[in-house]
Amino acid sequence: MPPELLRMIIAAVLVVAFVFLNAMVLGYMERKVSAHIQRRPGLMEVGPHGILQLLVDGFKLIGKQLVVPEGANRFLFRLAPILSFAPCVLPFVVMPFARKLQIVSMDISLIFILAMTSINVIAILVAGWASNNKYSLFGTFRSVAQAVSYEIPMLLSLLSVILMTSTFSLQGIIAAQKYYWFILVQPLAFIIYFISGLAETNRAPFDMPEAESELTAGFHTEYSGMGFSFFFLAEYANMFTVCSIATVLFLGGWKGIPLPLGDYTGIFWFMLKVYGLLFVMIWVRWTYPRVRFDQLMTFCWKYLIPFALANLLITAVLVKLI
Amino acid sequence: MNNRGYFGELWFGSKSLLIGLNVTIREMFKPIVTVQYPREECAITPNYRGHIELVFNPESDGCDCIVCGMCAKACPSGCIAVAGEKKEGEKRKVLTQFTLDFTKCSLCGSCVETCPKGAIAYSQDYNIAGFTREEFHYDLVERLARRHQKPLAAAAGGN
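Residues numbered from 1 in each chain as written. Chains lettered and ligands numbered in written order. Predicted model: local features only at pLDDT ≥ 70, side-chain atom pairs only at ≥ 80, totals over all residues.

What's the story with the overall build of chain B in this structure? I'm lost.
Check the secondary structure of chain B and you find 5 helices and 5 strands. Counting helices and strands in the order they occur from the N terminus, chain B gives α-β-α-β-β-α-β-β-α-α. For 159 residues, the compact-globule formula gives about 15 Å, and the C-alpha radius of gyration of chain B, at 27 Å, lies well above that figure. C-alpha extents for chain B along the principal axes are approximately 95 × 35 × 35 Å. Burial statistics for chain B: of 159 residues in total, 13% are counted as buried. Here the analysis covers contacts within chain B between residues at least 6 apart in sequence; of these, 71% occur between residues at least 24 apart. (Helix = DSSP H or I, 4+ residues; strand = E, 2+ residues; numbered from the N terminus. Rg over C-alpha atoms; globule rule 2.2 N^0.38 Å. Buried ≥ 20, exposed ≤ 12 C-beta atoms within 10 Å, placed from the backbone. Contact = placed C-beta atoms within 7 Å.)

Mind showing me how you'd approach the confidence of the model for chain B here?
The predicted coordinates ought not to be read in detail in places where the model reports low pLDDT. Residue and element names in this part refer to chain B. For chain B, per-residue confidence averages 82 on the pLDDT scale, and 92% of positions sit at 70 or higher. When mean pLDDT is taken per element in chain B, helix α3 (residues 110-114) scores highest with 89 and helix α5 (residues 150-157) scores lowest with 47. Long-range and interchain partners of residues 151-159, a stretch whose pLDDT sits below 50, account for 7 contacts in this model, where long-range means more than four residues apart. For this predicted complex, the interface score ipTM comes out at 0.72, while the overall pTM is 0.78. (pLDDT = per-residue confidence, 0-100.)

What should I look at first to understand the sheet that holds strand β5 (residues 137-139) of chain B in this one?
Sheets are built from strands that pair by backbone hydrogen bonding, the pairs being arranged parallel or antiparallel. Residue and element names in this part refer to chain B. With antiparallel pairing, 3 strands are arranged side by side in an open sheet as β2-β3-β5. Each edge of the open sheet is held by one strand with a lone partner, namely β2 (80-85) and β5. Sheet twist, expressed as the average angle between the axes of neighbouring strands with direction ignored, equals 15°. (Pairing = 2+ DSSP bridges. Axes fitted to C-alpha atoms, helices over the stretch in contact; angles between N-to-C directions.)

Explanation requested: the environment of M28 of chain B in the structure shown.
The residue M28 of chain B is located in helix α1 (residues 5-28) in this model. A sequence separation of 56 residues divides M28 of chain B from G84 of chain B, and the C-alpha atoms of the two residues are 60 Å apart.

Help me understand unusual backbone geometry in this model?
Generally, phi is negative for residues other than glycine and the peptide bonds are trans, each holding for most cases. All names here are of chain A. One non-glycine residue, H49, adopts positive backbone phi at about 55°. Within the fold, H49 resides in the loop between α1 (3-37) and α2 (53-62). Although it is not a glycine, S166 adopts a positive phi angle of roughly 45°. Within the secondary structure, S166 is located in the loop between α5 (134-165) and α6 (170-176).

In this structure, what is going on with the environment of L66 of chain A? I would like to understand it.
All names here are of chain A. For L66, the location among the structural elements is in the loop between α2 and α3 (74-89). Under the C-beta neighbour-count criterion, L66 is labelled partly exposed, with 13 such atoms within 10 Å. When the C-alpha positions of L66 and M226 are compared, they lie 7.4 Å apart, and in sequence the two are 160 residues distant. Those residues in contact with L66 that sit more than four places away from it in its chain are S224, G225, M226 and G227.

It is not clear to me how the environment of Q124 of chain B should be interpreted in this structure. Could you clarify?
Residues and elements named next belong to chain B. With respect to the helices and strands, the residue Q124 is situated in the loop between β4 (120-122) and β5. The class for Q124 is partly exposed, based on 14 C-beta atoms found within 10 Å. Spatially, the C-alpha atom of Q124 lies 9.2 Å from that of I52, the residues being 72 residues apart in sequence. The contact partners of Q124, leaving out residues within four places of it in the chain, are I44, Y48 and G50.

What should I look at first to understand the packing of helix α7 (residues 187-200) of chain A against helix α9 (residues 225-250) of chain A in this one?
For any two helices packed against each other, one specifies the crossing angle of their axes together with the interaxial distance. Residue and element names in this part refer to chain A. Running from N to C, α7 and α9 cross one another at 170°; their axes reach a closest spacing of 10 Å. One way to sum up the angle between α7 and α9 is to call them roughly antiparallel. Handedness of the crossing formed by α7 with α9: right-handed. Only V242, A246 and F250 of α9 make contact with α7, whose side of the interface consists of F190, Y193, F194, G197 and E200. For the contact of α7 with α9, the class distribution of residues is 6 nonpolar, 1 polar and 1 charged. (Parallel < 35°, antiparallel > 145°, perpendicular 65-115°, else oblique. Left-handed = near helix turned anticlockwise from the far one by under 90°. Nonpolar A, V, L, I, M, F, W, Y, C, P; charged D, E, K, R; others polar.)

Looking at this model, I keep getting lost on the confidence of the model for chain A. Mind explaining?
In this model, chain A carries an average pLDDT of 84, and 97% of its residues clear a pLDDT of 70 or more. Ranking the helices and strands of chain A by mean pLDDT puts α7 of chain A first, with 88, and helix α8 (residues 212-215) of chain A last, with 68.

Help me understand the nonpolar core in this model?
Ranked by internal contacts, the top residues of the largest apolar core, which has 76 residues, are L233, Y236, M239, C243, A246, L249 and L278 of chain A. Filtering out sequence-adjacent residues up to four positions away, M239 of chain A remains in contact with L26, T201, R203, L278 and M281 of chain A. Listed in part, the 19 residues of the second largest apolar core include C71, C79, I80 and A119 of chain B. (Core = buried A, V, L, I, M, F, W, Y, C linked by C-beta atoms within 7 Å.)

And the structure:
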């Protein structure tokens, strides 16, 4: 077997394993943080402090029957979870966990990640349409409108950083943050990116496509067992991707206090920053109520996009002058 | 709409969002208030209204009930049955039967209020569950005897 092929297989297995592990860690973190914010103990029963609960949940979901509702488009209905899950795994292939811990280094890594995370919207569209359920369809409508709106400020805010580094390579962007993190010079872009990221991953307060109190569960109402789990895994993988882009572009990626074997142990600082941001996402979710749909649109088109444009303009002028 | 204007709205909104985050993060580090019920139990307030129970009087080594039947008459649900007998040479009736059908009891407390001797009181018992209806037909005389068997009564009464 050629070594390159072997390397690819090992990498693929590791990436999928990481996606599952990440979902378990985040699921546990989400439930524990939400519990403590509400002054409850949260998971306590399975294992010490309920640490094995997510494993049990996973087995339960695997054991469940996959029900296809009457009148649904069978092919599309089954396709949607896979369409949601597969692109969410791919960004991990180009993720710079440390200087030498990156499976493939591409010059267009950032564009690749953004393209892959955008496919999730199509999966939601397919899921909602194929379910033959009005609530699913409402969730889908909202999701598409939301994604179309929030892609714009997200890309504009990232573009400000790209103007400063003039590279799309993630390692190149980290290398450009040699003396200071870009959050110091681009705080507005960071905030706009983070808000758009919340909307992009359908997290509260922008969880309109799911909106369990109005739409039961939105686009994944009709899914059971592993169909649902794939959407769940994709959501957590997407959260990780959004936070790791923020880490790479604004928080210096794997840079931190040097550790021994710095080329590999940079993963510690990378994970610390990413999970710090993920904690903020969870914290935000358990603080704010869901926004109304018109508020969602107003906020994006009247606040985020003008500010992102102004930020981009100022950045462009300063980059040209300096 | 309000009159804060474009930037006023932004400033006001951001400020209130940060206040919200501050509230939740401080709540997160406060102690947990959940009581893990089957393993831990809450303290019951003294005026908790459980089902009725005969009051133990350590001096007479029994209950003060004079079998007047006021409680049975006062009960709107008719769930109390009292019976007694007068033995030779005793001045008053002795309680032989005091049953409470707790499935019908509405916990109104009329029996406790009307009792002239204060011989019945609310219990603190709230862990009540059973598989048959008959489990809630309480024989209060028997329950009193079970709670205060002779050696225990001697210890409590101090004689």
